[in-house]
Each structure stands twice: as C-alpha cells, then as structure tokens.
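Residue-level structural notes
Residue-level listing of the chains:
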Amino acid sequence: MKQFDAVVIGGGPAGLTAVLYLARSGVKTLLIEKLSPGGQVLMTEEIENYPGFPKAVKGYELVDKFVEHLSAYELDRHFDEVRTITAQDGGYAIQVGDETLVAKAMVLC
C-alpha cells in the first residue's frame, strides 16, 4: 500500500494549484486525475479575466502552463478513477482502480 502525506483528487485548475503548493512545501503528494490534467478547462475555447493573463487565453494553453510549472517539483501522479474513500485513523484509504492508497490529508477538487 502506497502512503502519502497528501492526495489531491482532481486535476483541474484548483487541483493543480493545490498540488503545486503542497509539492513546493516538500509534502509527499499524489495527484489523482481520471483523464488528463486540466479538467473542464481543456474544453474551454477562451478564458478571459484570468489573473496574470490580461488577454484571453485558450484553455489548453493555460493547462500547458500549469503542467510546465509543476514539472519543477517532485510529485506522484495516478491516472484512474477513484472508487471509494474511507476515513481511517490518521487519514484516508483511497481505492483507485485496483489499488488502495493511504493519505494523511486529502484535498477534493
């Protein structure tokens, strides 16, 4: 059973931001995303009024920037569906595909 300090479930902008801050802090982190990083942003043609981008940015371009930023940090990634989450003493047991992972903290995004 793999153990992590923190698991972030969901690889959209909120999840990628949470993973970035956790990894930057040196926390042993796992990102779980069913498909690919970006979430619904990947289906968005143009995003306006996003901080740091004074002109509209395409969804996939924004995700590319997120992923590029994350590449500088050590973190684990798991691309599969979360089947169950069970609270247990000191954390959570998370069933992902056929594997059970254990985490002290969990962030749902």
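Residues numbered from 1 in each chain as written. Predicted model: local features only at pLDDT ≥ 70, side-chain atom pairs only at ≥ 80, totals over all residues. Heavy atoms only, no water.

1. So, the pattern of salt bridges
With the rule as written, the count across this model stands at 3 salt bridges. For Lys104, the salt bridge is made with Asp5, and the minimal N-O distance between the two is 3.4 Å. One end of the pair, Lys104, is in strand β6 (residues 99–108); the other, Asp5, is in strand β1 (residues 2–9), and 99 residues separate them in sequence. The class for Asp5 is partly exposed, based on a relative accessible area of 30%. Across the pair Glu45 and Lys58 runs a salt bridge, and its minimum N-O distance is 2.8 Å. One end of the pair, Glu45, is in the loop between β2 (29–33) and α2 (59–70); the other, Lys58, is in the loop between β2 and α2, and 13 residues separate them in sequence. (Salt bridge = Lys/Arg side-chain N within 4 Å of Asp/Glu carboxyl O. Helix = DSSP H or I, 4+ residues; strand = E, 2+ residues; numbered from the N terminus. Buried < 20%, exposed > 50% of the residue type's maximum accessible area, 1.4 Å probe, protein only.)

2. Overview of a nonpolar patch on the surface
On the surface, Leu42, Met43 and Tyr60 cluster together to form a nonpolar patch covering roughly 340 Å² of accessible area. Positionally, Met43 belongs in the loop between β2 and α2. Given the relative accessible area of 67%, Met43 is considered exposed. (Patch = residues over 30% accessible without salt bridge, like charges linked within 9 Å, V, L, I, M, F, W, Y side chains within 5 Å. Areas by Shrake-Rupley, 256 points an atom, 1.4 Å probe, with all protein chains shown as cover.)

3. Re the pairing of strand β5 (residues 91–96)
Strand direction decides the pairing type here: strand β4 (residues 82–88) and β5, joined by 6 bridges, are antiparallel. Looking across to β5, one finds that Val82 is bridged to Val96. Hairpin remark: β4 followed by β5, antiparallel, with 2 residues in the connecting loop; positive phi at Gly90, about 80°. One ladder, built from 5 bridges, connects β5 with β6; its direction is antiparallel. Its bridge partner being in β6, Ile94 is matched across the sheet by Leu101. The loop that links β5 with its antiparallel partner β6 comprises 2 residues; one of these, Gly97, has a positive phi angle of about 60°. (Pairing = 2+ DSSP bridges.)

4. A look at the sheet that holds β6
If you walk across this open sheet you meet the 6 strands as β3-β2-β1-β6-β5-β4, and the pairing is mixed. Edge positions in the sheet fall to β3 (76–79) and β4, since each of these pairs with one other strand and no more. This sheet shows a mean twist of 40° between the axes of neighbouring strands, independent of strand direction. Bridge analysis of β2 against β3 gives 4 bridges, and the strand direction is parallel. For Glu33, the partnering residue across the bridge sits in β3 and is Phe79. (Axes fitted to C-alpha atoms, helices over the stretch in contact; angles between N-to-C directions.)

5. Overview of the environment of Gly97
Within the fold, Gly97 resides in the loop between β5 and β6. Remark: the alpha-carbon pair of Gly97 and Ala6, spanning 91 residues in sequence, is separated by 18 Å. In contact with Gly97, other than residues within four places in its own chain, are Asp80, Glu81 and Arg83. (Contact = heavy atoms within 4.5 Å.)

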